[in-house]
Amino acid sequence: MTGGISRRTLMKGLGATALGGALAACGSKSSSSSNGSEISIMAPVLTTQAPTGDGQLQKAIEKFTGKKLNITWVPNSDYGDRTNVTLASNDIPELMVIQGKTPEFVREAQAGAFWELTDKLSKYPNLTAKDPAIQLNSSINGKVFGVFRLRDPMRTSTMVRKDWLDKLGMSLPKTTDDLYQLAKAFKTENPNGDGKKDTYGLIIPKWPAGYGTASPYDVMEVWYGAPNGWGERNGKLVPGFDTEEFLAANTFMRKMASEGLINPDFATMDSAKWNQPFFNGQGGIIIDVMSRAFVLLNLFQKDHPKTYTNYVDFTGNLTGPNGKHSYPTIGYAGFVAVSKQSVPTESGLADMLSFLDKMSSKQGQVLENNGIEGVNFKVDGDYSVPITGQQADLVTNDAKSFAQLGTNPNGALYYVAKPATPAAEALYKKRIAIQDEDMKTAVQNPANALVSPTYTTKGAQLDQLIADARLKYVAGQLDLAGLKSQISAWHSQGGDQIISEMNDLYSKLHK
């Protein structure tokens with residue numbers, strides 16, 4: 001619910017031996033201290049082939065920075081467990097990718113295992129956050145313990161079957177009322193042309209996470225004016241479900257469900273099959289991240305190579321009954337932290353930050369995210385165009401791994417891959433314009449920076465309590481009194497303590 005804490009189930013008693021074979025490293029040992037010429041790093045690898053120490057891309061990065069890199073690449077599937085083993089060891093690398101504010105990292109950071117960077121990053125132009133809100137989101141109670149890894153700060157989208165819109169003579173929705181009218185038309189006016197009333201509007205899958213996790217329900221609540229997870233009311237932080245706007249949004253969703261405007265299996269549909277009803281002509285609206293529009297476009301392109309542009313259109317956040325309120329992301333995906341154990345001096349820290357600053361310059365970002373110009377890509381205006389071949393493919397593969405080291409708090413300066421078709425390029429440009437516009441009305445979660453002890457231990461189960469009650473209310477299995485009863489249970493089972501801790505932390509943060 002804070003938006004900043006993630007959890008993993010730890011394998012009790014797991015040691016380094018149990019992780020044998022999980023690592024692909026170009027060096028076997030982290031440096032015990034900064035020696036000025038070599039940097040030890042631990043990072044996740046998402047490809048099947050990790051970069052090697054003598055790879056062309058690593059050599060290019062070493063030449064650019066003047067640093068020898070000793071990188072331990074860990075398979076992403078094992079990274080959470082390996083992180084916890086490393087944090088408990090006496091061999092922490094100088095730079096370490098941390099994928100989220102896990103309880104283990106928070107404990108170690110607050111105990112002094114990593115450098116606090118709160119007042120240091122502004123001295124480095126490429127490490128100074130372009131958006132201070134993201135910097136705050138990535139902090140632990142206002143204290144920064146890593147350079148955040150930038151991600152799109154706005155991704156919310158409303159995707160619609162364009163051919164259905166055209167057939168019914170309707171337009172993309174601008175408001176939640178438009179959304180209702182559109183979903184009703186998709187239900188009743190036979191947009192797929194089969195002569196049957198077998199369609200519906202909004203497609204929602206079973207959501208695999210709890211409250212405040214960017215589900216369509218969370219998005220709708222923000223559109224209705226509810227807080228994004230947490231919000232300030234009368235000078236105090238309150239959870240979003242303690243507001244009338246939360247109840248109004250879910251009553252709206254309940255109405256849509258009761259009228260058959262949402263897929264009937266919304267409580268159980270596998271989220272991996274989310275695209276299928278849209279593609280198969282069963283449902284016509286999806287509320288999710290904008291990248292899904294491009295996935296849908298590709299699906300239609302395979303089956304309808306000449307007419308695929310006729311099937312998908314999208315817009316961004318919708319205006320609710322109380323005005324425009326847009327649902328943002330937290331804007332980052334973990335951070336790169338500097339170990340105090342391996343970098344014990346201020347001069348060593350400055351050396352690490354200078355390296356990260358250089359890698360976040362345009363040239364550094366291009367190396368990490370695109371590769372080597374003229375070897376595996378060429379530049380076409382603002383885009384990169386791939387070059388293929390054995391050596392080029394190796395560099396491209398390595399760039400997918402080095403991108404995990406990219407921070408880019410100063411903004412994304414690397415090249416975007418050129419869209420494959422003019423239609424895809426038009427959608428890309430539309431996406432950027434919508435994101436920029438929606439950021440003007442973004443509703444940030446003021447609790448993203450806060451780490452409440454009780455929330456850390458009980459938050460996941462309490463969030464699920466709310467998510468389950470909300471789902472049952474939308475499905476008609478609980479009435480309004482039943483939903484409010486479950487919210488009261490949240491308070492009595494630890495929620496009141498969480499609210500107290502959150503407000504104490506919030507007041508200290510904003511003194």
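Scoring rules and cut-offs
Residues numbered from 1 in each chain as written. Predicted model: local features only at pLDDT ≥ 70, side-chain atom pairs only at ≥ 80, totals over all residues. Heavy atoms only, no water. Salt bridge = Lys/Arg side-chain N within 4 Å of Asp/Glu carboxyl O. Helix = DSSP H or I, 4+ residues; strand = E, 2+ residues; numbered from the N terminus. Buried < 20%, exposed > 50% of the residue type's maximum accessible area, 1.4 Å probe, protein only. Contact = heavy atoms within 4.5 Å. Core = buried A, V, L, I, M, F, W, Y, C linked by side-chain atoms within 4.5 Å. Expected span 1.5 Å × (residues − 1). Pairing = 2+ DSSP bridges. Axes fitted to C-alpha atoms, helices over the stretch in contact; angles between N-to-C directions. Parallel < 35°, antiparallel > 145°, perpendicular 65-115°, else oblique. Left-handed = near helix turned anticlockwise from the far one by under 90°. Nonpolar A, V, L, I, M, F, W, Y, C, P; charged D, E, K, R; others polar. Right-handed = clockwise from strand over helix to strand, strands pointing away.

Explain the pattern of salt bridges to me, using residue names and the numbers behind them.
Pairs can form between side chains of opposite charge once their charged atoms are near each other. Applying the stated criterion across every chain, the model contains 17 salt bridges. Taking the shortest distance from any N to any O, the salt bridge between Arg431 and Asp152 comes out at 3.0 Å. Here the residue Arg431 occupies a position in helix α14 (residues 422–438), and Asp152 occupies one in the loop between β5 (147–150) and β6 (156–161), the gap between them amounting to 279 residues. Exposure remark for Arg431: the relative accessible area of 16% places this residue in the buried category. The salt bridge partner of Asp504 is Lys508, with a shortest N-O separation of 3.3 Å. Residue Asp504 and its partner Lys508 are both found in helix α16 (residues 480–509); the two are separated by four residues, about one turn of the helix. For Asp504, a relative accessible area of 39% corresponds to the partly exposed category. What makes Lys508 partly exposed here is its relative accessible area of 49%. Through salt bridges with shared partners, one network takes in Asp218, Glu221 and Arg470.

Describe the side chain of Asn250, and please don't skip the residues or the numbers.
As for its placement among the helices and strands, Asn250 is situated in helix α8 (residues 244–258). In this structure Asn250 comes out as buried when scored by relative accessible area, which is 0%. Once residues lying within four places of it in the same chain are set aside, the contact partners of Asn250 are Tyr217, Glu221, Arg470, Tyr473 and Val474.

Talk me through the environment of Thr309; I want residue IDs and the actual numbers.
Looking at the secondary structure, you find Thr309 in the loop between α10 (291–303) and β11 (312–315). Separated by 113 residues in the primary sequence, Thr309 and Pro422 have C-alpha atoms spaced 9.9 Å apart. In this structure Thr309 touches Lys162, Leu297 and Ala423, once residues within four positions along its chain are discounted.

Can you explain the nonpolar core? Please cite residues and give values.
Counting 57 residues, the largest nonpolar core has Leu95 and Phe105 as the members making the most contacts within it. A total of six residues in this core trace back to one element, the largest contributor, which is helix α11 (residues 346–359). Residues in contact with Leu95, not counting those within four places in the same chain, are Ile39, Ser40, Ile41, Met42, Val336, Ala337, Val338, Met352, Phe355 and Leu356. Membership of the second largest hydrophobic core comes to 32 residues, among which are Leu182, Ala185, Met256 and Leu318.

I'd like to hear about helix α13 (residues 390–402), residue by residue, with values.
When the terminal C-alpha atoms of α13 are compared, their 19 Å separation across 13 residues agrees well with the 18 Å that a helix rising 1.5 Å per residue should span. Those residues of α13 not exposed but buried are Ala392, Val395, Asn397, Asp398, Ala399, Ser401 and Phe402. Packed against the buried residues of α13 are β2 (38–45), α1 (56–65), β3 (68–75) and α12 (362–369).

Explain the pairing of strand β14 (residues 332–338) to me, using residue names and the numbers behind them.
Along a regular strand, successive side chains alternate from one face of the sheet to the other. Here β14 lies mainly inside the structure; six of its seven residues are buried. Taken together, the four bridges between strand β4 (residues 95–98) and β14 define a ladder with antiparallel strand orientation. Residue pairing across strands places Leu95 opposite Val338, the latter belonging to β14. Bridge count for β5 against β14 is three bridges, and the pairing is antiparallel. Residue Phe148 lies in a different strand from β14, and its bridge partner there is Phe335.

Which residues make up the environment of Val74, and what values go with them?
On the secondary structure map, Val74 appears in strand β3. Taking C-alpha positions, Val74 is 6.2 Å from Ala43, a pair spaced 31 residues apart along the chain.

So what's going on with the sheet that holds β6? Which residues, and what values?
Taken together, the four strands give an open sheet; going across it, the order is β7-β10-β6-β11, and neighbouring strands pair in mixed fashion. Only two strands of the sheet have a single neighbouring strand rather than two, namely β7 (200–202) and β11. Between one strand axis and the next, the sheet turns through 20° on average, direction left out of account. The pairing of β6 with strand β10 (residues 283–289) spans five bridges and is classified as antiparallel. Paired with Met159 across the bridge in β10 is Ile286. In the packing of α14 onto the sheet, contacts are made with β6 and β11, and the angle to β11 comes to roughly 20°.

So what about the environment of Glu346? Which residues, and what values?
Assignment of secondary structure puts Glu346 in helix α11. In this structure, the C-alpha to C-alpha distance between Glu346 and Trp115, residues 231 residues apart in sequence, is 9.5 Å. What Glu346 contacts, discounting residues up to four positions off in sequence, is Trp115 and Lys120.

Explain the sheet that holds strand β17 (residues 416–417) residue by residue, including any values.
The three strands lie next to each other as β15-β16-β17, forming an open sheet whose pairing is mixed. In this open sheet, the two edge strands, each paired with only one partner strand, are β15 (377–380) and β17. With four bridges joining them, β15 and strand β16 (residues 383–386) adopt antiparallel strand pairing. Along β16, the bridge assignment pairs Val379 with Ser384.

Which residues make up the packing of α1 against α12, and what are the values?
Contact geometry for α1 and α12: axes closest at 10 Å, N-to-C directions at 165°. Between α1 and α12, the angle falls in the class roughly antiparallel. Read as a crossing pair, α1 and α12 show a hand that is left-handed. Contact with α1, carried on its side by Leu57, Ala60, Ile61 and Phe64, involves Gln363, Gly364 and Leu367 of α12 and no other residues of that element. Taken together, the residues that form the contact of α1 with α12 break down as five nonpolar, two polar and no charged.

Report on the pairing of β3, specifying residues and quantitative values.
Most of β3 sits inside the fold, with six of its eight residues counted as buried. The pairing of β2 with β3 spans eight bridges and is classified as parallel. Bridge pairing in β3 links Val45 to Pro75. Traced from β2 through α1 to β3, the parallel crossover comes out right-handed.

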